[in-house]
Structure formats: structure tokens, C-alpha cells
Amino acid sequence: MSNNELNSPGYEIPEELEGKVAITTLDKIYNFGRRSSVWPMMFGLACCAIEMIAAQAARYDMARFGMEVMRPSPRQADMMLVAGTVTKKMIPAIVRLYNQMAEPKYVVAMGACASGGGPFKEGYNVVAGIDKFLPVDVYIPGCPPTPQALVAGMIKLQEKIDKQSISQVRWYKKGADTVETPIPFLGPDLIDPRHIPEIKAKAAELAALAAAASETVA
Amino acid sequence: MTTPVVEAINLAEKFPGKVTADARPGYSGWIISKENLVEVATFIRDEMGYDALTNLCAIDYLEQKMMEVTYQVFKTTGGPVLTFKAQAERVDPIEIPSVVSVWPGAELQEREAYDLYGIRFVGHPDLRRILMWEGFDGYPMRRDWKEAFYEEDAKPLKSRWPEGKHKLAETRATFGDNVAFKPGFDPDKWIPSDPEELLYATLKNYKSEVKDGIKTDHVVVNMGPQHPSTHGVFRAVAVLDGEIVVSIKPVMGYLHRNHEKIGERNTWLQNIPYTDRLDYFNSMYNAWSYALAVEKMMGITVPERAEYIRVIMGELSRIQNHLILFGMLWNDLGSYFTPALYAFEERELILDIFEAVSGSRMMCNYYRFGGVVRDIDEASMKKIKELVFDRLPGKIEEIDRLLSENEIFVSRMKGVGYLSPEDSIAYSVTGPNLRAAGVPYDIRRADPYGIYDRFEFDIPVRHNSDLLDRYHLRMDEIHQSLRILQQALKQITEGPVLAGKPQYTHRVPVGEAYGRVEAPKGELGYYVVSNGKGNPYRYHIRTPSFVNITSMEKMCVGTKIADFVAILGMVDIVLGELDR
Ligand code: SF4
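Residues numbered from 1 in each chain as written. Chains lettered and ligands numbered in written order. Predicted model: local features only at pLDDT ≥ 70, side-chain atom pairs only at ≥ 80, totals over all residues. Heavy atoms only, no water.

Digging into the overall build of chain A
So, point 1. The helix and strand inventory of chain A stands at 7 helices and 5 strands.
So, point 2. Relative to the globule expectation of 17 Å for 218 residues, the C-alpha radius of gyration of chain A, 23 Å, shows a markedly less compact shape.
So, point 3. Structurally, chain A occupies a C-alpha span of about 100 × 45 × 25 Å along its principal axes.
So, point 4. Looking at chain A as a whole, 49% of its 218 residues are labelled buried.
So, point 5. Sequence separation of at least 24 residues holds for 71% of the intrachain contacts in chain A that already meet a minimum separation of 6.
So, point 6. Only carbon and sulfur atoms are counted for the fraction: they give 58% of the accessible area of chain A, which is about 9900 Å².
So, point 7. With 23 positive and 23 negative side-chain charges, chain A shows a separation of 5 Å between the mean positions of the two kinds. (Helix = DSSP H or I, 4+ residues; strand = E, 2+ residues; numbered from the N terminus. Rg over C-alpha atoms; globule rule 2.2 N^0.38 Å. Buried < 20%, exposed > 50% of the residue type's maximum accessible area, 1.4 Å probe, protein only. Contact = heavy atoms within 4.5 Å. Areas by Shrake-Rupley, 256 points an atom, 1.4 Å probe, with all protein chains shown as cover. Lys, Arg positive; Asp, Glu negative; His and termini not counted. Charge placed at Lys NZ, Arg CZ, Asp CG, Glu CD.)

Next up, the structure:
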């Protein structure tokens, strides 16, 4: 970061200290540190993951943004890059991984599948977008997004980080420092614990309809 | 193109009353009564010489009230496939004898047919669901099973066309999402069954022994679905005795994207972009096989230039596939990223060509029935020539020098993961791993398609069947691919690249077809059935990753768990294709 960008205006710096001293806000220096070292989780779901690897390789080189240290463990990662189709069979694992990440954590939905189901949306084993379960910070369109698009998405994430303020962020507030998403489970179909009342009501309604129908037949 | 003479043995005469010729128009092969299936299958293997089973899939003939299982077998000495079928009445429980005792390679494919169609294979050693989870409601590939977002049986859907008004699928679905439950289902009262129960019950069959008076317990280790060396969302569950693998079971379905169900709703043409997403490293090879199958049914001849373009794109694809395999394998072995960076450098150049001709780096959507969609322009042709004649030969040498002699690499690979040639054939292994076991079987020579019979090239073979040989074999294949490319680039002539006019809808005559190609990872086949409508009645994909993984346990038993990573890397799986 250049001296100009870092310095908050309004303070005179004596000439002999220029270039040695910078006066800035805590937010700026805090965000500068975070945005320059966003460690993604090493986590590829499908085709999009290959473009993610390509973006890590020499030609596009995400290391320029401090994002080359892929961590296989969620506990060491800052950002979950959901690169690929989310399936019902996989979503419990993904939510568990997300819950294991430490704050501050970000989620980026890469590609059509992660954003909304993509070409496979109608599939019986497909979850139509990761945002049905996790809070997404940046969506990157494409099938697959090119590495350039991925890099652009990462820059967007950096811009988002830049706007956060240490006095506002949830992980420094009182109380639990992280929000956990209830882990869905596999029953006759995928069951989201947050939707249990709705499922119950709807299924009862269907049963009543079926009963009425059979009565009229009888 | 000449294919060797088809078997002269008439099975119907040989087994009167047990076998009949499939006389439905457009169909071929034999129908074997299910009571005699194993007997006739053994005859086909032992007396007729069809030593390998390649494809096994179920078809639901809803109107005829019949479930059919079709089998494709081939001889490792060459020649086309032989098709035979077994039928059962469509009344649960549907039972058909298992052919695992004849061809062990049928194991996972039968589990798949059980999972998606609910056919019980009597005599199967370990019949569990494979792609969906245990406890999932219904058999999703049956024709009368409808997904939550179901709109209509066939596309194009009226709701989106022609008025072009779009309505979110969520607003239509009963439960407001892509889920469905039975009437009266109560999540609170529902007693969760453990989806893993059957898996662990299977693992309990491996009992530990008392050695030197000490009784030791086995340890069960789970790898995946989130594990950096499983190349995606693959999971393996190993039973270990100390460090030694006693048993290892693949657990999959974490990327099951329902290609086949969606494929049977799509129009014929709409499936081509979906094939790109199977083996997403080789989208330029995937559609070839599908196009072959459909062209066979429609009787289209592909123009010369298009045939050459297919070969050029296909072989470029093979080169980058093998390079990536090397890079990723080294990553897994601990050499973090350097070889992968070398591999990706060349891959980017090949992808540039794909992007120039098709518009997309990875999802090319380039094949059409009867050719390819676009010609190669001058500038791209120049680029391809530069790459094939000037750059790649030197670069491959460089990568070879960098990797092949490395002492650590050689000592980790040599003698590990042995699979005998007999087992390779029995377990339906195809592709480089079969050839590394000394079986010179390559569909480009054994059952030629396209114009491969015009080129001079060798089928590389290695004989030790260990990881090192599998590695060297792929290196040899890259050299052969370059040879083919150089000849193709010299021979290619001007001309049209598509037979007839470009079309959106295709009328495919009633019947069945099986198209197969030698994809970089092994045999890629499509079994398609048409009932004369605008979309396939059955669209089955036989992928090399899925079938080759059948032999994984055999290769791993007795080795150290750490070698599993290398063995899996060399099977060369890609999840899009494994789970479909
Ligand atoms: S968005 Fe496209 S490229 Fe990405 S995972 Fe989905 S199908 Fe594959």
C-alpha cells in the first residue's frame, strides 16, 4: 500500500519523518493485513475447481493477492471457495466444514452451480446453490468462470473486506463469536433442520388431501 | 473402416429355449433368459473368448412392463463388442442373477443399477446403494419416478418456451425446494437410520487374526470426501492392520449430478454440453463417443475434415490429460506444485486453442452429430502446428528429464500397486492401466473409430503393472499422440466440417447403439436407446473412472496406507465422471 493510501488525511507529518511514519486508522491497517492474506480452503467440488487450480498456477497467479496458501484444514482457512456443484450427499460435510472455520470467514460461490444449481439444478441429488445453507459474500458467474473472472471475484472480496470496521464486525461483539449453521441430514430426502416445521405441515397437508381423495372415491 | 468379422457362433442355436436373438427393430444381440444367465455368460467368456465386461446398465421399459439389463462384453484380442440382455418383469422385487462371479468388473455397475433402478442382483457379494445414500426414498432412474423440480417429460419445456417467461423452480415445487417427502412424513417422529450402517457391516467381515499370541484390532480410517489427495469429493474407507491395508472400499456419489436422468429429459443435442462436464479435463474427447453412438443410429457419415479435427482435438486433449495427471500425482506425493506448474504451463497453451475454436477453455461444446460445430481458423491452425511440431516435443522431454529419473519418485512407485494382467481384464480395467499390465488393448486399434486406422502409431505396452510402469506408459502415449498429431496436421484437407445443415432437433430412428472410444482415461462408452422421439429414451454413460475404480481394492490390499494416495492418483479418476 502506498504512503498516500495508508495515510489518513488531516495530520501533518514532519518532513524529516515522511516515508518513515504513517498515521492511519486501526480499520485500515487491520483490513490491510486481512485482505492481503486470505487463505482459501483447499476444497474442490467439481469442474470449477480445475479453473481454481488454473488460477493458482503460473499464468494467473493468485499469489499476487496473498491467496496462494490453500489450507486443507478448515480451521486454518479464511475463505471457503465453493467451486462446483453442491449435492445433497455432500452438503452435510460442507456445512460441517464451514462451522469448523474460525471467524472471520468468507464464502465465495464460484460458478453457476454453486450460485444457483447451474445446469444440474433439476437433478434429484443437487442443491440449488450453496446460499440455501451458507451466507455467500461474492458470487462469480460462469460455467466455469474463467480464471480472470475468479481473480476479479477475489478482488471484489478484498473490496468487501476493506469496507469492514473493527468496531462493527460480529466476531468482536459480545456473545458467541461465530454463527453456526445447523447441519442438514439425510433422511428419505435431504432434511434442513431449520425447515422441519414447514416440511411437517406440508406433509400433513398432503396426507389430508390424499385421505379426502380416497374418501370421495369410496 | 473395416471391423473384424463378428462371431459366427449362433447362441440361439447353441442354447435353444434359453437364448433368443433380439429381433426388435433397431436392436441387436441376444436375449438370455435370466434363469440361464450365468451359464450362458460363462460360455460367452470361456468358449467365445469375451474375457472382459465393459458395460452393464439397466433400462426401464415402462410401457412394456419390463426391466432390462444390457451387457456389453469385448475380447482383449480385439474386435467389436457383443451385446446381450436379460429381462425381468417390472414387478418388485425385480431380480436378475449377478454376473460378478463371471466378470468381477460388474460389481460396481450392478450396484449402480440396483441403486438407481432397484434391480436386485441375486448373488452379488455386497449389494448396497452406491450413488445415493442408504435410506433415500425411491429408485430415481425409473421412468415413473419424478424429481421435485419435475416439469415435463421432455425438453424444450413449455414453461420456458416459446413465450420465454421464466418461473423459478422453487415456486413450483411442493416443498419449496428440491426435496420431496411422502404425505404424512414427520421429521420429528422419523427415526434416523444410519446411512453408513451397511458399509460398516461390510467392513466387519474382515476379522483380525491372532498373530504371535497377540490379538490386534483393525483400525477403520476414513479418507474424504474432503481430502486434498482424493482429487475432489471421493471417499475411501480403509480397514488397516497397523499400516497395512486389509480392505478399502470406495464410497462415492458426493458429486452425483444425475447426468442420466437429466439426459433423458434433454433433447439429443442438449446432451452434448453435458458430456463436457463428465470428465472436465477432456471435454474435447467426451462428446466423441456420444456422437458416434447417435451417428451410428442416424447413419450419418462425418466429412473428412471434421474427422481430422476430431483427431487433432482429441489427441491434444490426451496430452494435457496425462500432463495434469503427472502434476497432480507429484503434488500428492509431496512435491508441492513445481511439477504441476510445468504441467499447467503446457495445458494453458492447449486450452488457448480450445478456446479459440470453441469459445470456452474447458467446456467446449464442440462436437455435433455429423462433425464439429466450427472450423479451425488460420491463426489457430498456425498455433497448433507450432505447438505440435516445435514446442511440445521439447517440453515433454524436459518434463521427462525433470521427473522420470527422480530417485524418491522411482522408489515410491516401483513395485507398488501391482495388478496382474488377468485381474486387470477380470476387473474390466481399460486404458493406460490395462496396457501397463502388458495387455495391448487400445480401442483406437482394436475396434477403430473415426480415422485412426489411417495413422501410423504404436500402442505402448509395459509389463510390470506397477505405478512406475503406469507412469512411463502415459509418457509413451504422449509421444504417440504427438506422432498422430503430426500426421493429421500434414494430411488434413479443406472441406466442410459438418454433414448437412446445422440442426437443433434430431429424429433418431428407433433402436439402440453403443458408442465407445479410447478416452485418455480408458474406455468411454455411451449406451443410448431411441424410441423415435426428440430425446433419448435411455442415455447411459459408461465412464472409465467409475469402472476402473472397481479394481482399487485389489491393488491396495497388502500395501501401506500411504501408498493408497499414489495408487488412486494413478487410477486417474475424475469425479465428474466417477459419480456422473
Ligand atoms: S458451474 Fe459449470 S463448470 Fe462449474 S461446477 Fe457447475 S457445471 Fe461445472
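Observations concerning the site of the ligand
So, point 1. The environment of the ligand is made up of 16 residues, and the closest members are C47, C48, A112, C113 and C143 of chain A.
So, point 2. The residues that come close to the ligand belong to more than one chain, namely chains A and B.
So, point 3. Elements supplying a minimum of two residues to the shell around the ligand: α3 (47–56) and α5 (111–116) of chain A.
So, point 4. A total of 3 residues in the shell around the ligand trace back to one element, the largest contributor, which is α5 of chain A.
So, point 5. Across the shell around the ligand, the residue classes break down as 10 nonpolar, 4 polar and 2 charged. (Near = heavy atom within 4 Å. Nonpolar A, V, L, I, M, F, W, Y, C, P; charged D, E, K, R; others polar.)

With respect to the sheet that holds strand β3 (residues 138–140) of chain A
The pairing of strands in a sheet comes from backbone hydrogen bonds and takes either a parallel or an antiparallel form.
All names here are of chain A.
So, point 1. Ordered by their spatial adjacency, 3 strands build an open sheet running β1-β2-β3, and the pairing between neighbours is parallel. Strand pairing shows two members of the sheet lacking a second neighbour, β1 (79–83) and β3, which therefore form its edges. Ignoring which end each strand starts from, the neighbouring axes of this sheet average 15° apart.
So, point 2. Two strands pair when backbone bridges link them, and strand β2 (residues 106–110) and β3 are joined in this way by 3 bridges, in the parallel orientation. The residue bridging A109 from the neighbouring strand is Y139, located in β3.
So, point 3. The strands touched by α3 are β1 and β2; relative to β1, the strand with the most contacts, the crossing angle is about 125°. (Pairing = 2+ DSSP bridges. Axes fitted to C-alpha atoms, helices over the stretch in contact; angles between N-to-C directions.)

Concerning the nonpolar core
So, point 1. Counting residues in each nonpolar core, the largest one holds 214 residues, and the members touching the most others are I44, Y71 and F564 of chain B.
So, point 2. Per-element tally for this core: the top contributor is helix α9 (residues 304–333) of chain B, with 15 residues.
So, point 3. Membership of the second largest hydrophobic core comes to 25 residues, among which are M70, M110, V138 and V151 of chain A. (Core = buried A, V, L, I, M, F, W, Y, C linked by side-chain atoms within 4.5 Å.)

Some points on the pattern of salt bridges
So, point 1. Following the criterion strictly, the structure yields 60 salt bridges over all chains and no others.
So, point 2. For the salt bridge of K160 of chain A with D137 of chain A, the shortest nitrogen-to-oxygen distance reads 3.0 Å. With K160 of chain A in helix α6 (residues 147–162) and D137 of chain A in the loop between α5 and β3, this pair connects stretches of sequence that are 23 residues apart.
So, point 3. A salt bridge links D126 of chain B to R128 of chain B; the nearest nitrogen and oxygen atoms lie 2.9 Å apart.
So, point 4. Overlapping salt bridges, with partners in common, bring together E315, R318, R435, D442, R444, E477 and E518 of chain B in one network. (Salt bridge = Lys/Arg side-chain N within 4 Å of Asp/Glu carboxyl O.)

Considerations on α9 of chain B
Residues and elements named next belong to chain B.
So, point 1. Helix length check: α9 (30 residues) gives 44 Å between terminal C-alpha atoms against 44 Å at 1.5 Å per residue, within 8%.
So, point 2. For α9, a buried count of 28 out of 30 residues is recorded, marking the element as mostly surrounded by other parts of the structure.
So, point 3. Two residues or fewer after α9 comes G334, characterised by a positive phi angle close to 110°. (Expected span 1.5 Å × (residues − 1).)

Some details on the interface of chain B and chain A
So, point 1. At the junction of the two partners, chain B supplies 63 residues and chain A supplies 54 residues.
So, point 2. Of the roughly 5400 Å² buried where chain B meets chain A, counting both sides, 67% is carbon and sulfur surface.
So, point 3. The largest contributions to the chain B side of the interface with chain A come from W133, Q226 and R257 of chain B, which together make up 13% of the buried area.
So, point 4. The partner of K200 of chain A in a salt bridge is D186 of chain B, with the nearest N and O atoms 3.9 Å apart.
So, point 5. Where chain B meets chain A, there are 26 residue pairs in polar contact (both at pLDDT 80 or more).
So, point 6. Sorting the residues of the side of chain B that touches chain A by element identifies α4 (169–172), α6 (259–265) and α10 (338–358) of chain B as the ones contributing at least two each.
So, point 7. Looking at which element gives the most residues to the side of chain B that touches chain A, the answer is α10 of chain B, with 6 residues.
So, point 8. In terms of residue class, the side of chain B that touches chain A is built from 38 nonpolar, 10 polar and 15 charged. (Buried area = accessible area lost by both parts, 1.4 Å probe. Polar contact = N/O pair within 3.5 Å; in protein donor to acceptor, adjacent residues only side chain to side chain.)

With respect to the pairing of strand β6 (residues 94–97) of chain B
All names here are of chain B.
So, point 1. The alternating pattern of β6 places I94 and I96 on a buried face, while none of E95 and P97, on the opposite face, is buried.
So, point 2. In this sheet, strand β7 (residues 119–122) lies alongside β6 in parallel orientation, the contact comprising 4 bridges. Across the sheet, residue E95 finds its bridge partner in β7, namely R120.
So, point 3. With helix α3 (residues 107–117) bridging β6 and its parallel neighbour β7, the resulting β-α-β unit is right-handed. (Right-handed = clockwise from strand over helix to strand, strands pointing away.)

Topic: the packing of aromatic side chains
Aromatic ring pairs are reported here in terms of the distance separating the ring centres and the angle at which the planes meet.
Residue and element names in this part refer to chain B.
So, point 1. This model, assessed by the stated rule, comprises 30 aromatic pairs over all chains.
So, point 2. Three or more aromatic residues joined by ring pairs form one cluster here, namely Y285, W288, Y308, Y366, Y367, Y449, Y452, F455 and F457.
So, point 3. The ring of Y537 has R143 lying over it, and the distance from NZ or CZ to the ring centre is 4.2 Å.
So, point 4. Taking NZ or CZ as reference, R516 lies 5.1 Å from the ring centre of F74, over its face. (Phe/Tyr/Trp six-rings, centres within 6.5 Å; stacked < 30°, edge-to-face > 60°. Lys NZ or Arg CZ within 6 Å of the ring centre and 35° of its normal.)

So, the confidence of the model for chain A
So, point 1. Model confidence for chain A is summarised by a mean pLDDT of 86, while 94% of its residues fall at 70 or above.
So, point 2. When pLDDT is averaged over each helix and strand of chain A, the minimum, 64, is found for helix α1 (residues 3–6) of chain A and the maximum, 94, for β3 of chain A. (pLDDT = per-residue confidence, 0-100.)

Here's the deal with the sheet that holds strand β16 (residues 522–530) of chain B
All names here are of chain B.
So, point 1. The 3 strands lie next to each other as β15-β16-β17, forming an open sheet whose pairing is antiparallel. The two strands at the open ends of the sheet, each matched to only one other strand, are β15 (511–519) and β17 (538–542). Across the sheet, the mean angle from the axis of one strand to that of its neighbour is 10°, orientation sign disregarded.
So, point 2. Pairing of β16 with β17 involves 5 bridges; the strand directions are antiparallel.

A short note on the domain arrangement of chain B
All names here are of chain B.
So, point 1. Domain parsing of chain B yields domain 1 (11–122), domain 2 (142–194) and domain 3 (259–579).
So, point 2. Each of domain 2 and domain 3 has a C-alpha centre, and the two are 35 Å apart.
So, point 3. Contacts between domain 2 and domain 3 engage 10 residues on the former and 10 residues on the latter.
So, point 4. Taking both partners together, domain 2 and domain 3 bury about 820 Å²; carbon and sulfur atoms supply 37% of that area.
So, point 5. If you sort the residues of domain 2 by the area they bury against domain 3, R143, E147 and K155 come out on top, with a joint share of 65%.
So, point 6. Viewed at the interface, domain 3 and domain 2 are joined by 3 salt bridges.
So, point 7. Where E264 meets R143, a salt bridge forms, and the shortest distance between an N and an O atom there is 3.3 Å.
So, point 8. Summed over the shared surface of domain 2 and domain 3, the number is 7 residue pairs in polar contact (both at pLDDT 80 or more).
So, point 9. Grouping the amino acids of the side of domain 2 that touches domain 3 by side-chain chemistry returns 4 nonpolar, no polar and 6 charged. (Domains from an automatic or database assignment.)

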